[in-house]
Amino acid sequence: MTVIEAKVHRSSARKARLAFILTAVIVGLLAAVVAASYMHPIVALVVGALIGVPTGGLAWVLVRVWPVLRLLWWWLPEIVLTTAAITFWTQLVNHTTGPVTLLVVALVVGVPATIPVTRRAVVAWTWCFVVRHRLRMCFAQFIIANQSGSLPLILWARPTPVGERVWIYLRPGLSLADLEGRLDRIAVACHASTALVERASDGNSAYLRFDIKRREVLTANVGSPLVDVINPDTPAADRPTPVVPTALDLPDVDAPTITLPSQGKPAAKKPATTANGSKPAATSSTPEDDVSDWI
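Residues numbered from 1 in each chain as written. Predicted model: local features only at pLDDT ≥ 70, side-chain atom pairs only at ≥ 80, totals over all residues. Heavy atoms only, no water.

Asks: Describe the nonpolar core, with residues and values.
Replies: General note: in soluble globular proteins, nonpolar side chains tend to be found buried as a group. Counting 28 residues, the largest nonpolar core has Phe-139, Ile-186 and Phe-210 as its most contacted members. Where this core is concerned, the elements lending two or more residues are α3 (66-74), α6 (116-141), β1 (153-160), β2 (163-169), α8 (183-189), β3 (194-199) and β4 (207-213). Of the residues forming this core, the biggest block, 5 residues, is contributed by α6. Discounting chain neighbours no more than four positions away, the residues touching Phe-139 are Leu-151, Pro-152, Ile-168, Leu-170, Leu-174, Leu-179 and Phe-210. (Core = buried A, V, L, I, M, F, W, Y, C linked by side-chain atoms within 4.5 Å. Buried < 20%, exposed > 50% of the residue type's maximum accessible area, 1.4 Å probe, protein only. Helix = DSSP H or I, 4+ residues; strand = E, 2+ residues; numbered from the N terminus. Contact = heavy atoms within 4.5 Å.)

Asks: Could you give an account of the sheet that holds β3, with specific residues and numbers?
Replies: With antiparallel pairing, 4 strands are arranged side by side in an open sheet as β1-β2-β4-β3. The open sheet has two edge strands with one neighbour each: β1 and β3. Averaged over all neighbouring strand pairs, the angle between strand axes comes to 20°, with direction disregarded. Strand contacts of α6: β1, β2 and β4, with the helix running at about 145° to β1, the strand carrying the most contacts. (Pairing = 2+ DSSP bridges. Axes fitted to C-alpha atoms, helices over the stretch in contact; angles between N-to-C directions.)

Asks: Outline the environment of Thr-83, listing residues and values.
Replies: When you line up the elements, Thr-83 lands in helix α4 (residues 76-95). A distance of 2.7 Å separates the side chain of Thr-83 from the backbone oxygen of Ile-79, its partner in a polar contact. (Polar contact = N/O pair within 3.5 Å; in protein donor to acceptor, adjacent residues only side chain to side chain.)

Asks: Give me α3: which residues, what numbers.
Replies: Among all positions of α3, only Pro-67, Arg-70, Leu-71 and Trp-74 are buried. The buried residues of α3 all sit within an arc of 100° when viewed along its axis, so they share a single face. (Arc of directions from axis to C-beta.)

Asks: Could you give me a rundown of unusual backbone geometry, with the residues and numbers involved?
Replies: The phi torsion at His-191 lies on the positive side, around 55°, for a residue other than glycine. By relative accessible area, which is 51% here, His-191 ends up exposed.

Asks: Please set out the packing of aromatic side chains residue by residue, giving values where relevant.
Replies: Within this structure, the stated rule accounts for 1 aromatic pair. Ring centres of Trp-125 and Trp-156 lie 6.3 Å apart, and the angle between their planes is 45°; on these two criteria the pair is classed as tilted. On the criterion of sequence distance, the pair formed by Trp-125 in helix α6 and Trp-156 in strand β1 is long-range, its members being 31 residues apart. Of the residues examined, Trp-125 reaches a relative accessible area of 35% and is grouped as partly exposed. Owing to a relative accessible area of 41%, Trp-156 belongs among the partly exposed residues under this scheme. If you follow Arg-214 out to its NZ or CZ, it ends over the ring of Trp-127, 3.7 Å from the centre. (Phe/Tyr/Trp six-rings, centres within 6.5 Å; stacked < 30°, edge-to-face > 60°. Lys NZ or Arg CZ within 6 Å of the ring centre and 35° of its normal.)

Asks: Explain the pairing of β4 to me, and be specific about the residues and the numbers.
Replies: Taking burial as the measure, the 7 residues of β4 include 5 buried ones, the bulk of the element. Of the strand pairs in this sheet, β2 and β4 are connected by 7 bridges, and their pairing is antiparallel. Opposite Glu-164, over in β4, you have Ile-212 as the bridge partner.

Asks: How would you sum up the packing of α4 against helix α5 (residues 98-114)? Please name residues and give values.
Replies: It is at 10 Å that the axes of α4 and α5 come closest, and there the two elements cross at 150°. Taken together, α4 and α5 sit at an angle that is classed as roughly antiparallel. Between α4, through Phe-88, Trp-89, Leu-92 and Val-93, and α5, the contact on the second element is made entirely by Thr-101, Val-104, Val-105 and Val-108. Broken down by class, the residue content of the contact of α4 with α5 amounts to 7 nonpolar, 1 polar and no charged. (Parallel < 35°, antiparallel > 145°, perpendicular 65-115°, else oblique. Nonpolar A, V, L, I, M, F, W, Y, C, P; charged D, E, K, R; others polar.)

Asks: Tell me about the packing of α4 against α6, and please be specific about residues and values.
Replies: It is the contact of α4 with α6, at a shortest axis distance of 10 Å, that shows an interaxial angle of 140°. By the angle between their axes, α4 is oblique relative to α6. For the pair formed by α4 and α6, the contact residues are Pro-77, Glu-78 and Leu-81 on the first element and Phe-129, Arg-132 and His-133 on the second.

Asks: Now, about the pairing of β2: what can you tell me, with residues and values included?
Replies: Among the 7 residues of β2, 5 are classified as buried, and the element is accordingly described as predominantly covered. Here β1 pairs with β2 via 7 bridges, running antiparallel. Residue pairing for β2: Pro-159 is matched across the bridge by Glu-164. Counted along the chain from β1 to the antiparallel partner β2, the turn is 2 residues long.

Following this line, the structure appears as structure tokens:
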């Protein structure tokens, strides 16, 4: 089984050589310039080389072992838990008798398994460890990466009421848009119902947050506390069932009848003023004429 792929090996070796050369040259020159103020220039160059070469070697080691460090980071929770379990078992066996050892193991394993709250918490955190590795497999199998084959850095995961939430840091070559079209495949790989992704920081688009959903809490039945307030001896009231109309018959509707006044011949309008500037005399009119003028 290949732990680190050959492409990743070649990429890390090339980057390690570049890191060694750049670090050795830059640090060596800076050290030589500083040392030239206190000693002969030739001696300063030797001192700069003695300082720059080990520093470049340290940079080479860090870059070369980075794939191994990243692999250890992926499995860090499992390594820590396994080491703690083995250490606990060894110390327990060396300092207790057989029956005491079995009793302690039964209590440590049995009590969390029988208490519902503890059992659910253990299962939720176990899914967090599983989802981290499933997301890494998604990036390695069907999500486009950069040419060197470096995968995103999966930072941490914690349980939520509906599943798990995972924070990741993308490497160059990926963006949020590349992941939004593959959320259904990510959900299948994580054995979940749905998967959502969004930015976890407004100032850094490489810092993303995955929400893996396994269940819907909004569809669960929630008990109301008002039921405990009602007296169970209270008699139930007989309420008549209202008749809900299913159709509307327009002839059965009693609509008021509106009668408009009869419209006569409209009276001729008088000019507002006469030729000499005085108002004309008012003429008599019937109520029907007034209504007609108003209409």
